[in-house]
Structures are given as C-alpha cells and as structure tokens.
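# Descriptive analysis of the structure
Residue strings, one per chain:
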Amino acid sequence: MKFNPSATAIAPQDLRHVGQATPRVDGALKTTGQAPYAGEYEADVPEAAVGWVLGAGIAKGRITDMQLDAAQAAPGVRAIVTADNAGALAKGQRNTAKLLGGPRIDHYHQAIAVVVADTLEQARAAAALIEVSYDASAGRFDLAAERDGAPLAPSKDQEARTDVGDFDTAYATAPVQLDATYTTPDQSHAMMEPPATWAAWQGEGADASLTVWTSTQMVDWCRTDLAATLKMPKDKVRVRSPFIGGGFGGKLFLRADALLAALGAKAAGCPVKVSLQRPLIANNSTHRPATIQRIRLGAKPDGTLTAIAHESWSGDQPEGQPETAVNQTRLLYAAAHRHTAMYLAEMDLPEGNSMRAPGEAPGMMALEVAMDELAERLDMDPVLLRLRNDTEVDPEHPERRFTQRRLAPCLREGAQHFGWDQRARQPGTQRQGRWAIGMGMAAAFRSHILMKSAARVRLERDGTVTVETDMTDIGTGSYTVLAQTAADVLGLPLERVQVKLGDSDWPVSAGSGGQFGAANATGGVYAACMALRGAIARKLGLDPAQAEFHAGCVQAQGRSVALTDAAREHAPLVAEDGIEYDEALSKKWQHATYAAHFVEVAVHVDTAEIRVRRMLAVCAAGRILNPLTARSQVMGAMTMGVGAALMEALAVDTNLGLFINHDLAGYEVPVHADIAQQEVIFLDDPDAMASPLQAKGIAELGLCGAAAAVANAIYNATGVRVRDYPVTLDKLIEHWPAAA
Ligand code: MOS
C-alpha cells in the first residue's frame, strides 16, 4: 500500500485500543520467565554444544602463532574455529571490522577463535589452553591526538559539511558570541541480555541451510549480512528473534556471536550456542564513539541567533563512519548564517556505530549546553532564547517545511508544569542545608524516519486473527502496539489478536532502530489488515469499500456478519501487504519529534555529590499509540540521559588501545535510586503526514537533550561549567570554591 497522507489513515471511529494505555500483551510471558530469549532454546535443539569466544589480546598487529593442540585435546572439545580453518568469509555490508580476526588484528578483543565443547565450563577451560603469539604494532587510540588533520567524513547517508550564508563574517560581527568546545566519551550499550545465538544447520553441501535463534533488532539485516559473510544464498538462512533483552543499537547489526555460532555448528556438526561473554562485549562489539564538538553561536542582544557553527570530530576503524553529532544543529534553530562539519579520524579502537539516538544524543549534549551558556551571556531566560529562535522551516533549505513543529508548546508546557519560574537566575545561589540546588532545561529534537514495513494477517477458523511480521520487540512494546492496531482495524477485542514477531520467514518490517519501529511497523500491520478486510468482504459478497468492521462484525449493505461466522465458513483467510512511502514525502517535508526537558539537581557542598531530584519531559511525537509503553520508553531514555550526564564512559587505555572498564562492574549506569522523580507529558497530536496511524518515533527523543538539561542544572546549582562529560564530582569540586 502506498502511503497517501490525506487518504491512508486509520478511521477515527475505529480507535478503541490505539491511543489507550494498554498493558503489554507479552507481560505475563516475561514476568513468568516464559519468553524465550536467544540463549534459551535448549528444548528446541537437543544435542547442542556451547561455544566460548576468544578475543584478541592486542589492539593492533598480527597473530604470529596459535597453539591449539592442548585445547583440542581437552575434555569435551568438539571443534575450534579460527580464521585459518573457517574457510573463505566475506564481510557483511553493515560491518566495518571483520567479525573473525586473524592473522591481522583490527581491534582489542576482536574474536580470533571459538571453542566448541559439550559444556560451557569445558569450552572455557579449553579456550584458556590456547596459546597465541602476537606481533603488536602501534595504533591510534586517542581522539584528541588524532583531531588535528582528521579529514571531513565521507558523505554516505548525509553530507559531511553544510554552509548557508557567510558564517565567518556574521559570527565576527555578532554583538554576543560564544565559542566553546565540549567532549563526550565512548559509551557502551550495556544491555541486560548479551549478544547471543543458537545456530543449527540442516542438510549438506549446496543444500545446506542455516537457522539462527539470535538477539537482533533488525532480522532482515542480520539475515542479509550473515548470508553474505558465509557466502551463501539469503534464502538458505533463517533468522529468529522473538524476544530481545535490550539493544539500544548494539544489536542492529550482525555480530560475532551469530557468525561464530554458525561456524562452530558447522565445524562441530551439531547445533551450537554462543553467548558473548560479558567482559568481551565492550571491546568486541560496537559502541557509541567519543566526540569533540566545537560550537560557535553569534546573537543579537535580543537573543536572535545570526550565526551558528557546529563542528564535530569522532574516530572509527578504517572505512567506518562518523558520529553524526551535528544532525540536530542543521534543523533545530533559525539563523541566517550557518556552518556544520563532521570530521572522521581513522583509529584503531573497536568499531564505533549507532547507539540510541546516534547523532542527536551526543550532539545535543553539546548544543544545548552551548545554548545555556549563550542565554547567560545574553542575561536571558534559556527557555525564551529557544523560543526566540524557533523555526517553521528547515533552516538550511527554507523551501522544506516541518510536517509539524511542536518545540514551542513543549517548552511552554514544560516550563509551566515544572515551576521553572522558581529557578534562581543567578547560579550558585540556592541552598537547602549542605545541598546546592539548581534547575536546568534543554530542548530535544529527533528526526522521524519513514521506512517501508510489511506484515501478514490471517483470519483463523476460531475467529481470531494472527499477525506475522519480522518486526522485533526489544523491550519497547511492539507486540502490544501491533495487537492494538490489528484489533482496531479489524474491529476485534485485543484478546482475539495474536502477534508473532521476529522470524525471517515472515514479511520484512521496518525493524527496531532509529525510533522508526512502532510508527512504521503499525503502518505495515494497518496495510495488511486493510487487505484482509477486503478479502473477508469479498468472500461474504460485500462491497469492500463499504464494509465496516466493528465489535467483531463486518457490516455493509444492510447486512451484518460476525467474524466468527465468516471464519467458520471461509478461514483460513490470509492477506499480506505493507506500507511504502514516496521518496518525495521526506524530501519535501521534514518529519521530526520534539521535547523539552526540565531537571532539578542537588549538589552536596562538601563532596560535590550530585543528586537528580526531579525530571520532566514534555514530548510531541504525533499520535501516542500507547501512553503506557511510550512513557516507559521516554523514562528509560531520560534515565540513559542521566547516565550520559553523570557516569557513563568507557575508559580508554590510550597505550594499549582498549576500553578498560569492560563489564557492568566498571561501566556505571543509573539505577532506580539515582533518580527520585520522573514525569512524562505527551502533547498527543496526530501527524497525518507521518504514518497511517499518524504516529512518529518517541523512544530516542527522550534521550536527546536529557543529559544537557542535567548538566545545565548542575551549573545553575554550582556556577561551575563542566564541558567534558560525564560531569563527575572530581571535575566539579576543583573549580567550586563553595565546596569544602
Ligand atoms: Mo537505534 S541506535 O537505531 O537502535
């Protein structure tokens, strides 16, 4: 089905479940331990063995020798796969570094072997007997050292550099100026469920086919790149990923667990499970790369921005990609003279790639602090500064408009609801006992992406409906919003819809990433359900154009037939369709989501310990499909923002080239006790240009800007500006005279 903004829309009278706070339909499975995760398929594949991954002990260089004999002779060992005996492998389209290294080593903990044994303990013990000799070479591990001379990033999906007007002149002549540089660290996705895969082969030789039960956000990407890497036809690879214990972008792409499980299973001649060991995750898989960001803002005394420049430096493996931290600066605020640029240093740290809200998440950590700094120089309220520079058009391409622009209502509602007028205008002046109190805010912005998405729906003999799509639920609520959608389009109660996800045998969906999952996948289910409506009506001799589906019945031309009766007679009835968008739609229009974050912190004057007391996010993202799951997404994202502001950082050993704190003991993330109060308000405002359900993405929006709001609140409390994330107490205390 081709999406037509004026015509392709769920009928308002059909909205009975969509838009309601509906508890998750998979909740019982998850809370009773019955949702099968990738590492839990023992029942399906008896006779399976377990793989243990060996990671490289150097960051760059060559393996000169690998002694496998002792490991091979160890108890229970069935096979050891290395680059030497794995056969010819290609590289998936979406991988930068090779997933099985050797003899060349591209990064620390790059997988160099998988040991397959009867039990996990045997595989681990045997792996410890492998002796590897290396010839290590010097590498590039320090972004600050690589910054000078880093070239503009290659323009792949987006331009590396944009210019409008004459930035240099406008900035030089601006009455009020800000020129500040911010740094954000490497971060790890730190999802609860590690990357894990069961792999099983069927058949031999050219007929061989492979099934993997894995944990992937994008079933079709995983299938495509696994087939490409193994040099086999895509239709011989089946990927199943029904439940996922968190991804945050770390499971967008084929990773070593899936490849090594497949190779291990082939070598051992039995199904193999590989669950990537926790201490390998940070260096073996992808991470959010560190950035250095320079922002220059020029303004008139009334706060009108005349010049904006945002330059960002990041690093990646050869042929990698930049962190697109300037994205939002191209779209968020008006100013006649503009410059953005992304520079990419070739480095030898592990592969950088998408982590929740790539681009905007680290980009707004800098931009929204810069706006706070400018507001102070202007002696202007930070909310007013943002309102003053709002724009109705794409500032780089004024002929392009936003389908909706809701930043101003988010800012106003947030300021009012939070009690922003209680904020001390003078930083460092509010005290409660030994605590310094401060408030901060930030705007949030994240583009919404239109992606095609398909589904199959089937009317079963008992009158229930089954939805099948390769869409995934990474903890976001996909099962639930897709069930709500099918229930409403077909006029059924929720209990009569069964949603099945995460199988490459089913139609290809948008998948889960870039906050594009829910809006597009519900569009695909809408299209398939509309096709099923047509099929049901035709079977009953009714005019599909007139047929209405309500309360379990189809009605047209004065007749009403219960779907249970129609099913008894005609089931199974199957329909398959998807939603597709004209490319012109996103060329001509900018689809985006907006929010405003408000934060109150307390900083202890003796220790500079930081406590987040209150957080509020006001969000506008089209129709809110399910306020319950959407709220959970935004709260999770805000929590991640607190992590980014206060604690999350992969510590780089710039001599050895590795992330040192590569487990959950050393990589700190926030817990419930870290945030006393969180509140989320939705400006529920359907966007007819976005999708058949008039919805947009919400999950990543909640992260964008959240860390900056925390940092700005800390400044308001203490008067100390830390531009180097995370804002830890050691960075604060040395510049804070009030502290003991
Ligand atoms: Mo998101 S970083 O595209 O899972």
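Here, every reference points to the structure presented above.
Right, let's walk through the structure included here. (Residues numbered from 1 in each chain as written. Predicted model: local features only at pLDDT ≥ 70, side-chain atom pairs only at ≥ 80, totals over all residues. Heavy atoms only, no water.)

## Quick word on the packing of helix α9 (residues 360–378) against helix α17 (residues 706–718)
- Where α9 contacts α17, the two axes come as close as 8 Å, and the packing angle between them is 35°. For α9 against α17, the interelement crossing comes out right-handed. Mapping the contact onto sequence places M364, M365, E368, V369, D372 and E376 in α9 and A707, A708, A711, N712 and Y715 in α17.
- Looking at the contact of α9 with α17, its residues break down into seven nonpolar, one polar and three charged. (Axes fitted to C-alpha atoms, helices over the stretch in contact; angles between N-to-C directions. Helix = DSSP H or I, 4+ residues; strand = E, 2+ residues; numbered from the N terminus. Left-handed = near helix turned anticlockwise from the far one by under 90°. Contact = heavy atoms within 4.5 Å. Nonpolar A, V, L, I, M, F, W, Y, C, P; charged D, E, K, R; others polar.)

## Some details on the side chain of T485
- Tracing the backbone shows T485 in helix α12 (residues 478–490).
- Each residue touching T485, except ones within four places of it in the same chain, is listed here: V18, T522, V525, Y526 and L693.

## Focus: the packing of aromatic side chains
- Taken as a whole and judged by the stated rule, the model has 11 aromatic pairs.
- Each ring, one from W313 and one from Y343, has its centre 5.1 Å from the other, and the planes form 15°; the classification is stacked. Here W313 is found in strand β14 (residues 305–316), whereas its partner Y343 is found in strand β15 (residues 337–346), with 30 residues between them in sequence. A single burial state applies to W313 and to Y343, both of which are buried.
- Ring geometry for W420 against F598: centres 5.4 Å apart, planes inclined by 70°, an arrangement best described as edge-to-face. Of this pair, W420 sits in the loop between α11 (407–418) and β17 (431–432) while F598 sits in strand β27 (residues 592–604), and the two are 178 residues apart along the sequence. (Phe/Tyr/Trp six-rings, centres within 6.5 Å; stacked < 30°, edge-to-face > 60°. Buried < 20%, exposed > 50% of the residue type's maximum accessible area, 1.4 Å probe, protein only.)

## Considering α12
- Taking 1.5 Å per residue, 13 residues should reach 18 Å; α12 reaches 18 Å between its end C-alpha atoms and fits that length.
- The element α12 is extensively covered by neighbouring structure, given that 13 of its 13 residues are classed as buried.
- Once α12 ends, the next one or two residues include G491, with phi positive near 65°. (Expected span 1.5 Å × (residues − 1).)

## Structural notes on unusual backbone geometry
- Cis geometry is found at the peptide bond from G102 to P103, where omega equals -5°.
- Along the polypeptide, P103 turns up in the loop between β3 (77–82) and β4 (104–105).
- The omega angle of the peptide bond from A571 to P572 is -5°, so this bond is cis rather than trans.
- Positive phi values are uncommon outside glycine, yet F248 reaches one of about 55°.

## As for the sheet that holds strand β21 (residues 497–501)
- Here we have four strands laid out as an open sheet, ordered β21-β20-β19-β25, and mixed in their pairing. Each end of this open sheet is capped by a strand with a single partner; those strands are β21 and β25 (573–579). The sheet shows a mean angle of 20° between the axes of neighbouring strands, direction not considered.
- Examined bridge by bridge, strand β20 (residues 465–469) and β21 share five bridges and lie parallel to one another. Note on β21: the bridge partner recorded for E468 is K500.
- α12 contacts β20 and β21 of the sheet and is inclined by roughly 140° relative to β21.
- The strands touched by helix α13 (residues 517–539) within the sheet are β19 (453–459), β20 and β25, with β25 carrying the most contacts at an inclination of about 140°. (Pairing = 2+ DSSP bridges.)

## Side note on the sheet that holds strand β8 (residues 176–184)
- Taken together, the five strands give an open sheet; going across it, the order is β7-β15-β14-β13-β8, and neighbouring strands pair in mixed fashion. The open sheet terminates on both sides in strands that have one partner only, identified here as β7 (161–164) and β8. For this sheet, the mean inter-axis angle between neighbouring strands, taken without regard to orientation, is 10°.
- Here β7 runs beside β15; their pairing, made up of four bridges, is antiparallel.

## Overview of the pairing of β21
- Of the two faces of β21, the one holding V497, V499 and L501 is buried and the one holding Q498 and K500 is not buried anywhere.
- With respect to chirality, the unit in which β20 leads through α12 into the neighbouring parallel β21 is right-handed. (Right-handed = clockwise from strand over helix to strand, strands pointing away.)

## Here's the deal with α11
- Helix length check: α11, at 12 residues, gives a terminal C-alpha distance of 16 Å against a target of 16 Å (1.5 Å per residue), a fit within 8%.
- Every buried residue of α11 is accounted for by L407, A408, C410, L411, G414, A415 and F418. Down the axis of α11, the sector holding all buried residues measures 165°, keeping them to one side. Facing away from the buried surface of α11 by more than 90 degrees, the exposed residues are R412 and Q416.
- Count one or two residues on from α11 and you reach G419, which has phi positive near 80°. (Arc of directions from axis to C-beta.)

These results come straight from atomic positions and should not be treated as a statement about function.
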